[in-house]
Amino acid sequence: MIGYVCKYAPIELLHALGADPVRIEPLAVSFDAADACMHPNVCSFAKAVLEEMETGSYEGIVLTSCCDSMRRLYDALVDRFPEKFVYILDLPRHTDREACSLYAGQIRALARAYQEFSGAEFNRGCLIELFADGLRTPGQLRANGRPGQLSVGIIGARYNAAVGKLVEQCGMSVAFDLTCVGQNRDLSAAFGDGDVASELPELNDNELIEVYSEALLGQIPCMRMADISRREAFLKKALPQVDGVIYHTVKFCDMYAYEFASLRKLTDVPMLKIETDALRQSAGQVRTRVEAFAESLREEKGLMPAPSLIHRKGTAVYVLGIDSGSTSTNAVVIDGEQNIVSSLVIRTGARSIDSAHRACEEVLEQAGLKREDIAKLVATGYGRVSVDFADADITEITCHARGAHYFNPSVRTILDIGGQDSKAIRLNADGTVADFAMNDKCAAGTGRFLEAMARTLEVGIDELGPLSQQSTNKVQITSMCTVFAESEVISLIADNVDKADIAAGVHRAIAGKAYGLMHRVGLEPVYMMTGGVAKNPGVVAAVEERLGATLYICPEPEIVGAVGATLLGLDSLA
Amino acid sequence: MEVARTYGGVVASQLDDHPNRAAALINFGLKAESFRTGHLPDKPMPAAYRYLNHMAIKSVADALKHPETLAWTNIFAPVELLQCFDLECVSVEALSSYFSGFWIEDSLLDRSDAAGFAPTLCSYHRTFLGGFESGIIPEAKAAITTSLACDGNVNTFRHIATQSHIPLFVIDVPYQKTEEATRYVVRQLREAIALLEQATGKKFDIDRLREAIRRENRSKQHYLSFLEKRRKHLYPATLTLTEFTLFATHLSIGSEWAEKFFEMLDSDVEKYPVDTSHRIFWVHVTPYAEPALASYFNYSDVYSIAADDFNLDFTGQLDENHPLEALAEKLIDNVYNGPLSRKVDIVAREIEHYDCEGAIEFCHWGCRQSAGGAQLLRSKLRDRGIPMLVLDGDAVDRRNNQDGQIRTRLEAFFELLDGRKGGTA
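No experiment lies behind these values; they were computed from the predicted model shown. (Residues numbered from 1 in each chain as written. Chains lettered and ligands numbered in written order. Predicted model: local features only at pLDDT ≥ 70, side-chain atom pairs only at ≥ 80, totals over all residues. Heavy atoms only, no water.)

Asker: So what's going on with the pairing of strand β3 (residues 142-146) of chain B? Residues and values would help.
Answerer: Residues and elements named next belong to chain B. Counting buried positions over the five residues of β3 gives five, a clear majority of the element. Judged by which residues are buried, β3 turns out to be covered on both faces: A142, I144 and T146 on one side and A143 and T145 on the other are all buried. For strand β1 (residues 70-73) and β3, the ladder comprises three bridges, and the chain directions are parallel. Following the sheet pairing, T73 is matched in β3 by I144. Summarising the sheet, β3 and strand β4 (residues 168-171) pair through four bridges and their orientation is parallel. The partner of T146 across the bridge, within β4, is I171. Handedness of the crossover joining β3 and β4 through helix α8 (residues 152-164): right-handed. (Buried < 20%, exposed > 50% of the residue type's maximum accessible area, 1.4 Å probe, protein only. Helix = DSSP H or I, 4+ residues; strand = E, 2+ residues; numbered from the N terminus. Pairing = 2+ DSSP bridges. Right-handed = clockwise from strand over helix to strand, strands pointing away.)

Next comes the structure, spelled out in structure tokens:
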């Protein structure tokens with residue numbers, strides 16, 4: 001088994017050399033081995049590939065010099081596995097004749113090296129057959145999946161198998177895949193309408209490799225190539241044909257952010273940006289984003305799933321919503337007239353399901369109701385999937401939008417800073433989601449960040465806001481990373497900087513991050529802030545200053561998601 | 001420093017609503033600094049560095065003032081070609097350093113993040129992109145970048161060239177040196193020349209290129225001769241000056257002023273006292289604004305940077321009879337190109353040759369090509385008995401440096417070097 005990670009890798013040739021090429025789609029548990037020999041700031045996909053190689057099931061790997069992280073991965077692997085076939089192909093960035101001939105030379109050198117390594121023979125017939133197959137495979141853009149199904153394009157950096165599976169699970173079919181690894185390579189793109197496949201047997205070995213190199217380099221270019229006009233042309237054609245785009249980036253891979261930044265300006269197609277780090281642990285975070293995206297696309301297309309009617313006739317209707325967050329669990333009961341009957345906020349304990357049970361019991365008690373009186377129970381929030389007694393679960397994005405609209409119908413942009421995630425949501429006039437953006441993998445700009453800073457400052461989380469309002473000097477805190485910021489705060493304390501100034505600096509850092517998120521969805525007033533952090537006057541003031549506008553904050557900003565869940569539940573009963 | 005900080009605050013306050021005013025303030029600041037370095041130089045600064053300091057600032061100030069002769073490049077671009085078209089090269093790295101010098105890098109970095117560029121991208125590139133988005137970077141005549149030495153180049157340049165509709169050429173530098181690879185680069189250099197001819201309306205004169213190459217060869221000989229003499233003599237320097245030397249070894253190499261600077265270095269160094277300092281070999285960029293590093297290295301006779309891999313990334317002589325082939329090979333042979341094993345050999349050789357006790361690599365935020373290999377380089381040097389310190393930080397973004405952290409690591413490393421010196425005595 002020989003691994004590869006790049007769509008420009010000569011996969012057909014590896015088959016013809018008797019190798020068993022396998023696309024590496026790594027999901028690591030930790031980066032222990034990678035961090036020991038690389039650097040924490042190297043692209044996490046590259047690190048996960050190194051971890052995957054540690055499993056020992058590969059006889060080698062064929063990389064390309066496609067990016068800095070891959071070049072450094074090669075150095076680390078050569079050093080770590082001298083007995084394996086670790087090879088790097090010099091992949092040109094241009095695709096003209098000289099470039100093709102340069103790459104052909106690289107492919108020939110790879111063939112010689114692998115033959116020397118394995119003793120295998122080159123099977124010319126096999127290469128011709130697979131190459132011809134590749135040439136005859138229809139282009140990148142595929143027809144829609146089942147009728148009524150959503151069709152999406154995936155663009156960006158290398159993603160792992162879990163992301164693909166998740167997209168399918170959310171009822172979306174992939175119309176095109178323009179990522180680095182490229183699930184469906186189109187080898188015919190270089191040749192237009194000519195029937196190159198039937199001419200292959202006539203070519204001598206050298207010519208065959210030349211044409212093969214031309215085909216590989218002729219694929220729709222990735223972002224590291226010098227000329228991406230064919231990529232832009234493809235997207236221009238493909239984007240109007242899909243319901244949405246999932247734009248995938250990898251932590252510490254910077255290449256695709258450029259395209260994302262410009263695509264936003266070019267197209268109205270709904271776009272979800274997700275960032276993964278090839279670690280198993282991040283699956284939950286990605287799930288929320290992809291599910292919410294599917295929900296909003298379905299709503300836009302009028303494809304909302306049929307409501308499950310468990311309506312109890314002849315009695316008053318009550319709906320219960322539970323927002324199971326990482327820090328707090330919030331529960332709300334509304335009646336059929338959309339009046340809030342009772343609500344409460346409790347801290348989420350070690351097991352989110354226990355807190356959900358407790359919140360459910362207490363909110364019912366407060367309302368003087370029993371579980372049987374509830375026509376529908378809807379769960380939302382990070383722990384929504386584990387609330388097994390709920391009738392339905394909806395992501396907190398859709399719920400927040402609906403809840404915000406309930407409290408103030410003029411709101412168009414919401415900033416929600418939760419414990420684990422922070423998000424900006426842009427609303428349509430009817431309270432549905434127009435667009436949303438969430439923090440990347442890292443916790444910078446979330447409630448966790450504030451908690452860490454409060455702990456470092458040795459003040460209670462509730463004291464942080466009032467404390468910051470006593471600040472007299474501007475202190476800067478990095479907006480990069482919770483861990484870095486923490487050590488920075490420690491140095492400031494060591495320098496005897498006033499705690500109030502540090503607290504205000506922390507809030508400005510959060511506000512900077514929040515502003516970036518809100519900017520990503522488009523800054524449309526009226527603005528609202530929800531979530532527990534909205535109770536911190538320091539953060540609110542800092543965001544307002546950055547925004548140059550006031551934030552609407554409802555009396556209990558923590559229950560907005562749960563209220564939205566009840567309203568959506570009530571809709572489904574109609 | 002405080003003056004620059006206050007001035008930076010004024011510039012930053014104009015960024016949002018009056019980018020032209022902010023740009024004018026930056027130009028004025030650079031001109032003032034150019035005047036100051038020409039007439040009121042820092043006292044301990046040796047003559048050659050005074051000249052360098054003045055010329056480095058002047059070259060940027062002049063280029064920004066005359067956008068009609070301005071070319072955006074990266075630090076590795078073949079500037080010798082651009083000189084043949086009378087273009088002033090301003091690199092992403094140089095301009096971002098100046099923005100940082102004006103204390104406005106934070107506003108520009110935030111601007112870049114808000115525009116959607118990755119916050120994990122190299123902060124030289126992010127600061128430049130932030131400046132571009134703010135409208136304070138004047139439009140250039142053309143842009144030339146190499147793919148060497150990092151991923152950011154192709155994408156940053158493509159973005160700014162597309163947005164401002166100026167011609168761009170990307171010189172792709174192959175990873176391995178083969179005859180085909182050299183031919184591939186030569187062909188690209190020819191295309192770059194054609195693009196510059198069109199952009200400037202001037203005809204390429206190969207004799208001018210030969211002249212530049214002769215100056216470059218003499219400059220490199222002077223530089224190597226200086227470093228040879230520097231093994232005996234301590235030539236006072238700062239982190240900023242080590243960084244500024246990149247203007248002479250890269251952005252202005254082949255120019256008359258760069259040659260003059262290297263001549264001055266070469267002739268001046270022996271006037272200085274015997275070097276008794278701990279000699280350090282520096283790997284990658286020098287973060288001039290980092291307080292702990294600055295306090296230990298600036299004009300110090302206890303610790304000094306004897307040589308660095310960036311200014312020495314290519315030390316060969318160019319064949320003036322085959323100038324394009326020579327420039328192509330210069331790019332492919334760069335120490336930052338190819339597998340890390342090559343860099344290990346070159347760096348180890350230089351450390352030994354320049355009598356360095358150890359090496360420090362500064363892993364600049366976002367730089368995968370350098371940071372990605374730092375641990376491996378460290379372990380390979382350790383195998384050869386050379387201690388190396390790896391520091392994490394940011395050469396542009398002040399907020400992104402943990403001074404206390406850097407100070408502790410640096411001091412422990414110096415204690416280790418002291419121990420080694422004591423042990424062998």
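Asker: Describe in detail the interface of chain A and chain B, supporting the description with residues and values.
Answerer: Every contact between the two is made by 55 residues of chain A and, on the other side, 57 residues of chain B. Linking chain A with chain B are five salt bridges. E98 of chain A serves as the salt-bridge partner of R187 of chain B, at 3.4 Å between the closest nitrogen and oxygen. The interface formed by chain A and chain B contains 27 residue pairs in polar contact (both at pLDDT 80 or more). A per-element tally of the side of chain A that touches chain B places helix α4 (residues 68-80) of chain A first, with eight residues. Considered class by class, the residues forming the side of chain A that touches chain B number 26 nonpolar, 14 polar and 15 charged. (Contact = heavy atoms within 4.5 Å. Salt bridge = Lys/Arg side-chain N within 4 Å of Asp/Glu carboxyl O. Polar contact = N/O pair within 3.5 Å; in protein donor to acceptor, adjacent residues only side chain to side chain. Nonpolar A, V, L, I, M, F, W, Y, C, P; charged D, E, K, R; others polar.)

Asker: Outline helix α8 (residues 205-217) of chain A, listing residues and values.
Answerer: Residue and element names in this part refer to chain A. The terminal C-alpha atoms of α8 lie 18 Å apart, and with 13 residues this matches the ideal 18 Å at 1.5 Å per residue to within 8%. Contact partners of the buried residues in α8: α1 (11-16), α5 (97-118), α6 (124-136) and α9 (229-238). Its side-chain oxygen at 3.0 Å from the backbone nitrogen of N206, N204 defines the N-terminal cap of α8. (Expected span 1.5 Å × (residues − 1).)

Asker: Let's hear about the sheet that holds strand β9 (residues 318-324) of chain A: which residues, and what values?
Answerer: Residue and element names in this part refer to chain A. Ordered in space as β11-β10-β9-β12-β13, the five strands form an open sheet in which the pairing is mixed. Of all the strands in the sheet, the pair left with one neighbour each is β11 (340-347) and β13 (392-393). Across seven bridges, β9 lies against strand β10 (residues 328-335) in antiparallel orientation. The residue of β10 that forms the bridge with Y318 is D335. Helix α12 (residues 352-367) contacts β9, β10, β11 and β12 (374-380) of the sheet and is inclined by roughly 145° relative to β11. (Axes fitted to C-alpha atoms, helices over the stretch in contact; angles between N-to-C directions.)

Asker: Tell me about the nonpolar core, and name the residues and values.
Answerer: Counting 250 residues, the largest nonpolar core has F176 and L200 of chain A together with W72, I136, F261 and F297 of chain B as the members making the most contacts within it. If one sorts the elements of this core by residue count, helix α3 (residues 47-65) of chain B sits on top with eleven residues. If you look at the next biggest cluster of nonpolar residues, it comprises 40 residues, including F449, Y515, L517 and L551 of chain A. (Core = buried A, V, L, I, M, F, W, Y, C linked by side-chain atoms within 4.5 Å.)

Asker: Describe helix α5 (residues 92-101) of chain B, naming the residues involved and giving the relevant values.
Answerer: Residues and elements named next belong to chain B. With nine of ten residues buried, α5 lies mostly within the body of the structure. All buried positions along α5 are accounted for by V92, E93, A94, L95, S96, S97, Y98, F99 and S100. Where α5 ends, the next residue or the one after it, W103, has phi of about 60°, a positive value.

Asker: Could you give me a rundown of the pairing of strand β7 (residues 244-250) of chain A, with the residues and numbers involved?
Answerer: All names here are of chain A. Judged by how many residues are buried, β7 sits mostly within the fold: seven of seven residues are covered. The side-chain alternation of β7 yields two buried faces, one formed by G244, I246, H248 and V250 and the other by V245, Y247 and T249. Two strands pair when backbone bridges link them, and β7 and strand β8 (residues 271-276) are joined in this way by six bridges, in the parallel orientation. When the bridges of β8 are listed, Y247 appears paired with K273.

Asker: Can you explain the sheet that holds strand β2 (residues 88-91) of chain B? Please cite residues and give values.
Answerer: Residues and elements named next belong to chain B. Sheet architecture is open: four strands sit in the order β2-β1-β3-β4, paired in parallel fashion. Two strands bound the open sheet, and with one partner strand each, they are β2 and β4. Mean inter-strand twist for the sheet, computed between neighbouring axes without regard to direction, equals 25°.

Asker: Can you explain unusual backbone geometry? Please cite residues and give values.
Answerer: Look at the link from P525 of chain A to V526 of chain A: it is a cis peptide, with omega at 5°. L148 of chain B connects to A149 of chain B through a cis peptide bond whose omega is -5°. Within the secondary structure, A149 of chain B is located in the loop between β3 and α8. For F252 of chain A, which is not glycine, the phi torsion reads 70° and is therefore positive.

Asker: A description of the packing of aromatic side chains should follow, citing residues and the corresponding values.
Answerer: Under the counting rule described, the total for this entry stands at 34 aromatic pairs over all chains. Aromatic pair F226 of chain B and Y235 of chain B: ring centres 5.5 Å apart, planes at 75°, arrangement edge-to-face. Taking the relative accessible area as the measure of exposure, F226 of chain B reaches 4% and is therefore buried. Arranged with centres 5.8 Å apart and planes meeting at 90°, the rings of F244 of chain B and F247 of chain B form a pair that is edge-to-face. Pair noted here: F244 of chain B and F247 of chain B are both in helix α11 (residues 239-251), with a separation of three residues, about one helical turn. Take F244 of chain B and F247 of chain B: they sit in the same class, and that class is buried. Members of the aromatic cluster, each reached through a chain of ring pairs, are Y49, Y223, F226, Y235, F261, F262 and Y272 of chain B. Looking at K84 of chain A, its charged tip hangs above the ring of F81 of chain A, at a distance of 4.9 Å from the centre. Across the ring face of F260 of chain A, the terminal group of K273 of chain A is positioned such that the distance to the ring centre comes to 5.8 Å. (Phe/Tyr/Trp six-rings, centres within 6.5 Å; stacked < 30°, edge-to-face > 60°. Lys NZ or Arg CZ within 6 Å of the ring centre and 35° of its normal.)

Asker: Quick one: what's the story with the environment of Y354 of chain B, residue by residue and with numbers?
Answerer: Residues and elements named next belong to chain B. Tracing the backbone through its elements, the reader meets Y354 in the loop between α15 (340-353) and β7 (358-364). Owing to a relative accessible area of 5%, Y354 belongs among the buried residues under this scheme. For the pair formed by Y354 and R279, sequence separation is 75 residues and the distance between their alpha carbons is 8.4 Å. In contact with Y354, not counting residues within four places along its chain, are L224, L227, E228, R231, R279, A306, A307 and L312.

Asker: Describe in detail the confidence of the model for chain A, supporting the description with residues and values.
Answerer: Summing up the model confidence of chain A, the mean pLDDT is 88 and the portion of residues at 70 or higher is 95%. Low pLDDT, under 50, characterises residues 306-314 of chain A; the stretch is placed with ten contacts to residues that sit more than four places away or in other chains. (pLDDT = per-residue confidence, 0-100.)

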